[in-house]
Amino acid sequence: MNSLQRLWTHSILVRVAVVLIAVTVLALAVMTAAWVFTQQSMGKGSAINVAGSLRMQSYALAVAVASPGGDAPARAEAIRAAAAEFERRLQSPALRDSISSDPSDPVALVYTSIERRFASEVRPLALAAIDQPGAQAKFLASIPEFVQQVDGFVRQLDLQLELRMTRLRWALMAVIAVLLLLGASILWLLNNQVVRPLRHLVRAASEVRAGGFKVRAHDTGPDEIGQLGQAFNYMVEDLARLYGSLEKQVADKTADLERK
């Protein structure tokens, strides 16, 4: 810890590097999060499309069951095909992969409810309606409520996707604010610890060149600029002593010449 504190105190380069690394890490985190969200959103979009098609398939099954008698084998085949197609869509990987494995998840609860109801009620009634008029009437009476349940499932998927988008939006706004803060910190750091001390050193050097040996650098800390300031002050003190010695020698020579 002491070594890290010493590095932070003694080097402007380390400070700037730390801030730049933080900016880079945040930028990479944002890009990774955006990529992950895009992949998840693509899966959610496919799941919503499949879930929406379940409503249409429910009506297709209802139409097959409600079709009048006539060609009984063709009607029976249409009912079985519609039921099989509904189950295929319900069990499709695009839909199942988008559902959380957490059994308490709202979307998972609705999906499980639809899955169980189709297996225990809707499909048996549809198959029984092939040759049982009573089962046909019971199926047609129950299908509107089942379709409403499917509609609720689609709405839950929509809400889940909107919630993820909202979270990503807030996260991006927070990261952008942090990046702006870090950018401002870099500018402040460079201005206060590099640009301003260097400007002062330039002015001090101009005064020394004009013969003002009393000027001193203010920034004499342990970092690079401070060490430069210390070296400048030592140089000015040496120049002042040298200049004072030369002035004394000139004065002594002048006095000696006047005596002679």
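Look a little higher up for the structure.
(A) Region of the structure containing the pattern of salt bridges. Per the stated rule, a full pass over the model turns up 7 salt bridges. Across the pair Arg 88 and Glu 85 runs a salt bridge, and its minimum N-O distance is 2.6 Å. Of this pair, Arg 88 and Glu 85 both sit in helix α3 (residues 72–90), separated by 3 residues, roughly a single helical turn. As a salt-bridge pair, Arg 123 and Glu 87 come within 3.3 Å of each other at their nearest N and O atoms. With Arg 123 in helix α5 (residues 106–128) and Glu 87 in helix α3, the pair connects residues that are 36 residues apart, well separated along the chain.

(B) A look at α5. Between the first and last C-alpha of α5 there are 32 Å, a value that for 23 residues agrees with the 33 Å anticipated at 1.5 Å per step. The largest bend in α5 is about 50°, located at Phe 118. All of the buried residues in α5 are Val 107, Ala 108, Val 110, Tyr 111, Ile 114, Arg 117, Phe 118, Val 122, Leu 125, Ala 126 and Ala 128.

(C) Focus on the side chain of Ser 142. When you line up the elements, Ser 142 lands in helix α6 (residues 133–209). A polar atom in the side chain of Ser 142 sits 2.9 Å from the backbone oxygen of Phe 139. If we ignore the near neighbours within four places in the chain, the residues touching Ser 142 are Arg 117, Glu 121 and Leu 125.

(D) Spotlight on the nonpolar core. Counting residues in each nonpolar core, the largest one holds 37 residues, and the members touching the most others are Leu 61, Leu 95, Phe 139, Phe 146, Phe 153 and Leu 157. At the level of elements, α2 (12–66), α3, α5 and α6 are the ones that each hand at least two residues to this core. Here Phe 146 is in contact with Ser 58, Phe 86, Ile 114, Arg 117, Phe 118 and Val 122, once residues within four sequence places are set aside. Counting residues in each nonpolar core, the second largest holds 8 residues, with Leu 201, Ala 204, Val 215 and Phe 232 among its members.

What counts, and where the lines are drawn
- Residues numbered from 1 in each chain as written.
- Predicted model: local features only at pLDDT ≥ 70, side-chain atom pairs only at ≥ 80, totals over all residues.
- Heavy atoms only, no water.
- Salt bridge = Lys/Arg side-chain N within 4 Å of Asp/Glu carboxyl O.
- Helix = DSSP H or I, 4+ residues; strand = E, 2+ residues; numbered from the N terminus.
- Expected span 1.5 Å × (residues − 1).
- Bend = angle between axes of the 7 residues up to and from the residue.
- Buried < 20%, exposed > 50% of the residue type's maximum accessible area, 1.4 Å probe, protein only.
- Polar contact = N/O pair within 3.5 Å; in protein donor to acceptor, adjacent residues only side chain to side chain.
- Contact = heavy atoms within 4.5 Å.
- Core = buried A, V, L, I, M, F, W, Y, C linked by side-chain atoms within 4.5 Å.

In short, the description is geometric, and any link to function would need to be established separately.
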